[in-house]
Amino acid sequence: MTGIWKGQVYGRGRYMEGAGERFKMKVLMETMVRALVDEPDFVNVTEIGGIHTSILELKVCKSDIGKVIGKKGRTADALRTILNAVSAKLNKRVFLEITEDLND
């Protein structure tokens with residue numbers, strides 16, 4: 001069953017009671033970045049959230065950090081633009097931090 005009803009998210013093997021905008025932004029970021037990198041299994045998104053502001057911490061494999069940032073930071077800027085569009089609709093502010101995963 002796929003769909004969203006009263007804060008519940010079903011689909012692709014995931015179910016979260018009370019899932020809201022945090023879950024949606026985190027899954028959106030994971031999906032976009034996994035499509036960009038060579039090592040999608042090493043993509044990790046952690047959210048540090050507040051009421052009106054959230055920080056999405058994106059960790060990728062060291063060899064993929066250049067693909068996520070892009071030439072002159074254009075790919076990172078595009079990711080941030082998409083996040084800002086989604087967060088503006090939800091009346092939130094989201095910051096994206098990109099770091100390399102040291103455990104690979």
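J.: Run through the sheet that holds strand β4 (residues 44-49), naming residues and quoting values.
T.: Strand order across the open sheet formed by three strands is β4-β5-β6, with mixed pairing between neighbours. Looking at which strands have only one partner, the edges of the open sheet turn out to be β4 and β6 (93-100). Direction aside, neighbouring strands of the sheet carry axes that sit 20° apart on average.

J.: Give a description of the pairing of strand β5 (residues 53-60) that names residues and reports values.
T.: Here β4 runs beside β5; their pairing, made up of six bridges, is antiparallel. Each bridged residue has a counterpart across the sheet, and for E47 the counterpart in β5 is L56. Following β4, the chain reverses through three residues before pairing antiparallel with β5. Of the pairings in the sheet, the one linking β5 to β6 comprises eight bridges and is parallel in character. In the sheet register, L58 faces β6, and the bridge partner there is I98.

J.: I'd like to hear about the environment of M32, residue by residue, with values.
T.: By the element assignment, M32 lies in helix α1 (residues 21-36). Take M32: its relative accessible area is 18%, and that puts it in the buried class. In this view, M32 contacts L79 and I82; residues no more than four positions away in its chain are not counted.

J.: Before we move on, can you summarise the environment of E30 with the specific residues and values?
T.: Relative to the elements of secondary structure, E30 occurs in helix α1. Relative accessible area serves as the criterion here: at 12%, E30 is assigned to the buried category. With 13 residues separating them in the primary sequence, E30 and V43 have C-alpha atoms 7.0 Å apart.

J.: Explain the confidence of the model for the protein chain to me, using residue names and the numbers behind them.
T.: Caution applies to low-pLDDT regions: their predicted coordinates should not be interpreted in detail. Per-residue pLDDT for the protein chain has a mean of 81; in total, 76% of the residues score no lower than 70. Here strand β3 (residues 14-16) is the element of the protein chain with the lowest mean pLDDT, 44, and helix α2 (residues 65-69) is the one with the highest, 94. Long-range and interchain partners of residues 1-19, a stretch whose pLDDT sits below 50, account for 27 contacts in this model, where long-range means more than four residues apart.

J.: Talk me through the nonpolar core; I want residue IDs and the actual numbers.
T.: Core analysis: the largest hydrophobic core is formed by 18 residues, its most contacted members being M29, V33, L58, V68 and L96. Secondary structure elements with two or more residues in this core: α1, β5, α2, α3 (74-89) and β6. It is α1 that provides the largest number of residues to this core, a total of four residues. Aside from chain neighbours lying at most four places away, what touches M29 is V45, L56, L58, L79, L83 and L96.

Criteria and cut-off values
- Residues numbered from 1 in each chain as written.
- Predicted model: local features only at pLDDT ≥ 70, side-chain atom pairs only at ≥ 80, totals over all residues.
- Heavy atoms only, no water.
- Pairing = 2+ DSSP bridges.
- Helix = DSSP H or I, 4+ residues; strand = E, 2+ residues; numbered from the N terminus.
- Axes fitted to C-alpha atoms, helices over the stretch in contact; angles between N-to-C directions.
- Buried < 20%, exposed > 50% of the residue type's maximum accessible area, 1.4 Å probe, protein only.
- Contact = heavy atoms within 4.5 Å.
- pLDDT = per-residue confidence, 0-100.
- Core = buried A, V, L, I, M, F, W, Y, C linked by side-chain atoms within 4.5 Å.

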